[in-house]
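Coordinates in review
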Amino acid sequence: MSSHLLQQYPELTPIDAAGETILKLAHKIQAPAGSVLFRQGDSCNNFIMVTSGRVKVVAHSHTGREVLLYRIENKGTCVLTTSCLLGKQSYPAEGIAETDITAYLLPESAFEQALNQSSDLRKFIFSSYANPLSEVIELVQSIAFESVETRLVEYLIKNNDSSMTITCSHQQIANELGTAREVISRHLKRLEQQGIIRLERGKVLICDFNQLCSVT
């Protein structure tokens, strides 16, 4: 088991003997798309290492609105899980598999051993914690200081495919940007009236990419 993890995470090679022993305590899981890996309020009992697939971590408001915090991509770890393990706290958000995933779970006791007994694993845990944490901070800053229109335009620019199409519902975009569907629909309609985009069911087609990029 540890040899496979070392192949997946080359930054762990070479690893000290204590770290290699600890990694043998990790167990492999596989889950289909749509599976809930953890829910708000669940106890945090394992350090998660996603070796294939994609997981989204979302927070929910008391009104039921969903806000995407970040995604865990191939060979990633979960910053929220690390934070909860360090602080002995329950999950404040939800983790959902967006695709079929394969992951390894390192039990809490082994996680503590990693911090205390293996300098290589300790370095890996904290370095893998830093980048996603920066993304969450950027998200908070974006929600706090940028207009919905600016964030929507940035989303459309970033997420279109080779045919300049974003295949996504208004609700899904709203969830990504942490706002209400009605707000997104209103801004999209305004962009359509300007001839910048065209709206179809479940799709947004970019008609004038240069003009979209100039929207502030």
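Shown above is the structure to which this text applies.
Residue numbering note: each chain is counted from 1, following its sequence as written. Owing to the predicted nature of the model, reporting of local features is limited to residues with pLDDT of at least 70; listing and counting of side-chain atom pairs is limited to 80 or more, with chain, interface and lining totals taken over all residues. Excluding hydrogens and water, the side-chain values take into account all heavy atoms of the structure.

1. Some details on the sheet that holds strand β11 (residues 203-206)
Pairing within the open sheet is antiparallel, and its three strands lie in the order β9-β11-β10. Lying at the two open borders of the sheet, with one neighbouring strand each, are β9 (165-167) and β10 (197-200). Between one strand axis and the next, the sheet turns through 15° on average, direction left out of account. Whether two strands pair comes down to DSSP finding at least two bridges between them. Secondary structure elements are defined from DSSP: runs of H or I of at least 4 residues count as helices, runs of E of at least 2 residues count as strands, and each element is numbered from the N terminus. For β9 and β11, the ladder comprises three bridges, and the chain directions are antiparallel. Its bridge partner lying in β11, Thr165 is registered against Leu205. Whether two residues are in contact is decided by their heavy atoms: any pair within 4.5 Å suffices. Every axis in this analysis is a line fitted to C-alpha atoms, fitted for helices over the stretch in contact. Angles between the N-to-C directions lie between 0 and 180 degrees. On the sheet, helix α8 (residues 181-193) packs against β10 and β11 and is oriented at approximately 125° with respect to β10.

2. Side note on the environment of Arg151
Examined against the element boundaries, Arg151 turns out to sit in helix α6 (residues 148-159). As a C-alpha pair, Arg151 and Leu177 span 26 residues in sequence and 7.1 Å in three-dimensional space. Two N or O atoms count as a polar contact when they lie within 3.5 Å, although within protein this holds only if one can serve as hydrogen donor and the other as acceptor, and sequence-adjacent residues are included solely when both atoms are side-chain atoms. There is a polar contact of 2.4 Å between the side chain of Arg151 and the backbone oxygen of Leu177.

3. Quick look at helix α4 (residues 108-117)
Two residues of an α-helix separated by three or four positions point the same way, owing to the 3.6 residues in each turn. Residues Ala110, Phe111, Ala114 and Leu115 constitute the buried set of α4. Taken around the axis of α4, the buried residues stretch over an arc of 145°, which confines them to a single face. Whether a residue is buried, partly exposed or exposed follows from its accessible area with a 1.4 Å probe, protein chains only, as a fraction of its type maximum: under 20%, in between, or over 50%, in that order. Arc definition: directions from the helix axis to the C-beta atoms.

4. Observations concerning the packing of aromatic side chains
How two aromatic rings sit relative to each other is given by the distance of their centres and the angle of their planes. In this analysis, rings of Phe, Tyr and Trp, with Trp reduced to its six-membered ring, are considered paired at centre separations within 6.5 Å, and the interplanar angle assigns stacked below 30 degrees, edge-to-face beyond 60, and tilted for intermediate values. Counted under the stated rule, the structure contains three aromatic pairs. Relative to Tyr91, the ring of Phe38 lies with its centre 3.9 Å away and its plane at 10°, an arrangement referred to as stacked. Placement of Phe38 in strand β2 (residues 36-38) and of Tyr91 in the loop between α3 (79-87) and β7 (94-97) is noted, with a sequence separation of 53 residues between them. You can call Phe38 buried: its relative accessible area is 4%. Ring geometry for Phe47 versus Phe111: centroids 5.5 Å apart, planes at 35°, classification tilted. One end of the pair, Phe47, is in strand β3 (residues 46-52); the other, Phe111, is in helix α4, and 64 residues separate them in sequence. For the pair shown, Phe47 and Phe111 are each scored as buried.

5. Overview of the side chain of Thr51
With respect to the helices and strands, Thr51 occurs in strand β3. On the basis of relative accessibility, which here comes to 7%, the residue Thr51 falls in the buried class. Contact partners of Thr51, with chain neighbours within four places excluded, come to Leu5, Gln8, Tyr9, Asn74, Lys75, Thr102, Ala103 and Tyr104.

6. Brief notes about the nonpolar core
In terms of nonpolar packing, the biggest core is built from 40 residues, with Leu12, Phe47, Met49, Val57, Cys78 and Leu80 touching the most fellow members. The leading source of residues in this core is strand β8 (residues 101-107), at five residues. By size, the runner-up hydrophobic cluster in this structure holds 21 residues, among which are Cys168, Ile184, Val204 and Ile206. In this text, buried Ala, Val, Leu, Ile, Met, Phe, Trp, Tyr and Cys residues form a nonpolar core when linked through side-chain atoms within 4.5 Å.

7. Some words on the sheet that holds β7
The antiparallel open sheet is built from four strands, whose spatial order is β2-β7-β4-β5. This sheet does not close on itself; its edge strands, each paired only once, are β2 and β5 (66-72). Pairs of neighbouring strands in the sheet enclose a mean axial angle of 30°, with direction left out of account.

8. Some thoughts on the pattern of salt bridges
Each salt bridge in this description consists of a side-chain nitrogen of Lys or Arg and a carboxyl oxygen of Asp or Glu lying within 4 Å of one another. Counted under the stated rule, the structure contains eight salt bridges. Note that Arg54 is salt-bridged to Glu98, the shortest N-O span being 2.7 Å. With Arg54 in the loop between β3 and β4 (55-60) and Glu98 in the loop between β7 and β8, this residue pair connects regions lying 44 residues apart in the sequence. Using a relative accessible area of 28% as the deciding quantity, one classes Arg54 as partly exposed. Linked by salt bridges that have partners in common, Arg54, Arg71, Glu98 and Glu176 make up one network.

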